[in-house]
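# Understanding the architecture of this molecule
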Amino acid sequence: MLTSRSSQLKYGIIFGALVVVLAIVGLMAVFPTATNQGYAPEQPIPFSHRLHAGQYKMACLYCHSNAERSMHATVPSLNICMNCHSIVKGDSPYIQKMKKAFAEGKPIEWVRIHELPDFVYFPHKRHVAKGVACQTCHGPVQEMDRVYQYAPLTMGWCMECHRGETTPRNVLQNVYPQMKNPQGPVAPVNCNTCHY
Ligand code: HEC
Ligand code: HEC
Ligand code: HEC
Ligand code: HEC
Ligand code: HEC
């Protein structure tokens, strides 16, 4: 009696687990392109953009100058922080952690937030050159205490702007005068533009 009841319980649990697994697989089929929109990992040091870029009005390019000149925007190395923090707020435990890492020549292991799959090519420089604001793709970073992924970064999202559908007005004004046909796509939409 006891054994049969416990095996009934066992089958019940297995069946229940199966239903859950099938439900997850089903949901993944309905939403095939998962997006990390909203992803906001905790960072090793609680660096605040609201404080630095918002309150103190530091320019994005002061720390992310590579966005203007290369493919990746990149996160600044500690020597940029030390321009101020060798003096500013030296009593803070976070600043002390930064000073120690700097003295030992170790980087801060920031957790990557935005990341496209390897088979996608995305050059920051080309976008910045045409006047696409950081905030168009990254949201109001200057109001964020902790950065989160603002845009879906899906292929459809890239395409809508390249086709001219969601393109900010200032970008249209920068791009169209240089084109023979100032309508329609503002940037290429053929597959090998973004895929290797
Ligand atoms: C004082 C230097 C500094 C300034 C100024 C600054 N940032 Fe940052 N930014 C950082 C650091 C450090 C990180 C990594 C830690 C983090 O994610 O908060 C970062 C991370 C980011 C990320 C996320 C990177 C990832 O992993 O995907 C984005 C997007 C970003 N910054 C955009 C901006 C924008 C837009 C501005 C201007 C409004 C700006 N930043 C101004 C230092 C700076
Ligand atoms: C242009 C000067 C400047 C630069 C460059 C700068 N900061 Fe700051 N930072 C400040 C100021 C000012 C404060 C506020 C100090 C206060 O609250 O009195 C601050 C505060 C902080 C705090 C909060 C400390 C606490 O415990 O309250 C952290 C953490 C921090 N900064 C990290 C960074 C990191 C990481 C970088 C480099 C990516 C950086 N800062 C670059 C000026 C700067
Ligand atoms: C057209 C959209 C777009 C614009 C404009 C844009 N970014 Fe990005 N950003 C992205 C995408 C997409 C990624 C992920 C790239 C990858 O994984 O290769 C990213 C990644 C980043 C990262 C993470 C490190 C890296 O280089 O991958 C930082 C930091 C960043 N952006 C900062 C900025 C700043 C600062 C500006 C403005 C000067 C800016 N971005 C403008 C779309 C944009
Ligand atoms: C808000 C508008 C916008 C978004 C969003 C956007 N782009 Fe662009 N993209 C542009 C503009 C404008 C250009 C510049 C076209 C030019 O130089 O004339 C461009 C150029 C490019 C180029 C260079 C094309 C060439 O001529 O070789 C690539 C590659 C590219 N984008 C990839 C992407 C990818 C991948 C994404 C999504 C992750 C994306 N873009 C999202 C507006 C956008
Ligand atoms: C403007 C940039 C851009 C162009 C042009 C573009 N793609 Fe993409 N594509 C992306 C991005 C970004 C991703 C990754 C995000 C995602 O899966 O939505 C992607 C993902 C994909 C994937 C993987 C989908 C998945 O679910 O994982 C395939 C397949 C693909 N693209 C095929 C194409 C084909 C075929 C074309 C030409 C008709 C094309 N792409 C043109 C940006 C682009």
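The residue numbers shown here count from 1 along each chain, following its written sequence. A letter from A marks each chain and a number from 1 marks each ligand, given out in the order of writing. Per-residue local features are limited, in this predicted model, to residues with pLDDT of at least 70; the limit for side-chain atom pairs, both in listing and counting, is 80 or more; totals at the level of whole chains, interfaces and linings are taken over all residues. Hydrogens and water molecules were not included; the side-chain quantities draw on all heavy atoms of the structure.

This brings us to the environment of Val128. On the secondary structure map, Val128 appears in helix H7 (residues 124–129). For Val128, a relative accessible area of 28% gives the class partly exposed. In sequence terms Val128 and Arg69 are 59 residues apart; their C-alpha atoms lie 8.9 Å from each other. In what follows, a contact means two residues having at least one pair of non-hydrogen atoms within 4.5 Å. Non-local contacts of Val128, meaning those with residues more than four positions away in its chain, are made with Ala67 and Glu68. Labels follow the DSSP assignment, with helices taken as runs of H or I lasting at least four residues and strands as runs of E lasting at least two, numbered in each case from the N terminus. When a residue's accessible area, from a 1.4 Å probe over protein chains only, is under 20% of the maximum for its type it is buried; when over 50% it is exposed; and in between it is partly exposed.

Here the focus is the coordination of the iron atom of ligand 3. For Na, K and Ca the donor cut-off is 3.2 Å; for every other metal, N, O and S atoms count as donors within 2.8 Å. Water does not enter the count, which can leave sites looking incomplete. At this site the iron atom of ligand 3 is bound by His124 (NE2) and His138 (NE2), with donor distances of 2.0 to 2.1 Å. Coordination geometry of the iron atom of ligand 3: the six donor atoms subtend angles of 87 to 178° at the metal centre, consistent with an arrangement described as octahedral. Taken together, the residues span a long stretch of sequence, with His124 in helix H7 and His138 in helix H8 (residues 134–138) at a distance of 14 residues. A four-donor site is called tetrahedral if each angle lies between 85 and 135 degrees; a four-donor site is square planar, and a six-donor site octahedral, when trans pairs exceed 155 degrees and the remaining angles lie between 65 and 115; all other cases are labelled irregular.

A word on the site of ligand 3. With respect to spatial proximity, 19 residues lie near ligand 3, and among them Ala73, His124, Cys134, Cys137 and His138 are the closest. Arg112 places a side-chain nitrogen or oxygen 3.0 Å from an oxygen atom of ligand 3. Polar contact criterion, stated in full: a pair of N or O atoms within 3.5 Å, where within protein one must be able to donate a hydrogen and the other to accept it, and residues adjacent in sequence count only if both atoms are side-chain atoms. At a separation of 2.9 Å, a nitrogen atom of ligand 3 approaches a polar side-chain atom of His124. For the shell around ligand 3, the elements supplying multiple residues, two or more each, are H7 and H8. In terms of residues, the shell around ligand 3 owes the most to one element, H8, which gives three residues. Residue classes in the shell around ligand 3 are distributed as 10 nonpolar, seven polar and two charged. When we say a residue is near a molecule or strand, we mean one of its heavy atoms is within 4 Å of it. Charged residues are taken to be Asp, Glu, Lys and Arg, nonpolar residues to be Ala, Val, Leu, Ile, Met, Phe, Trp, Tyr, Cys and Pro, and polar residues to be all remaining types, Gly included.

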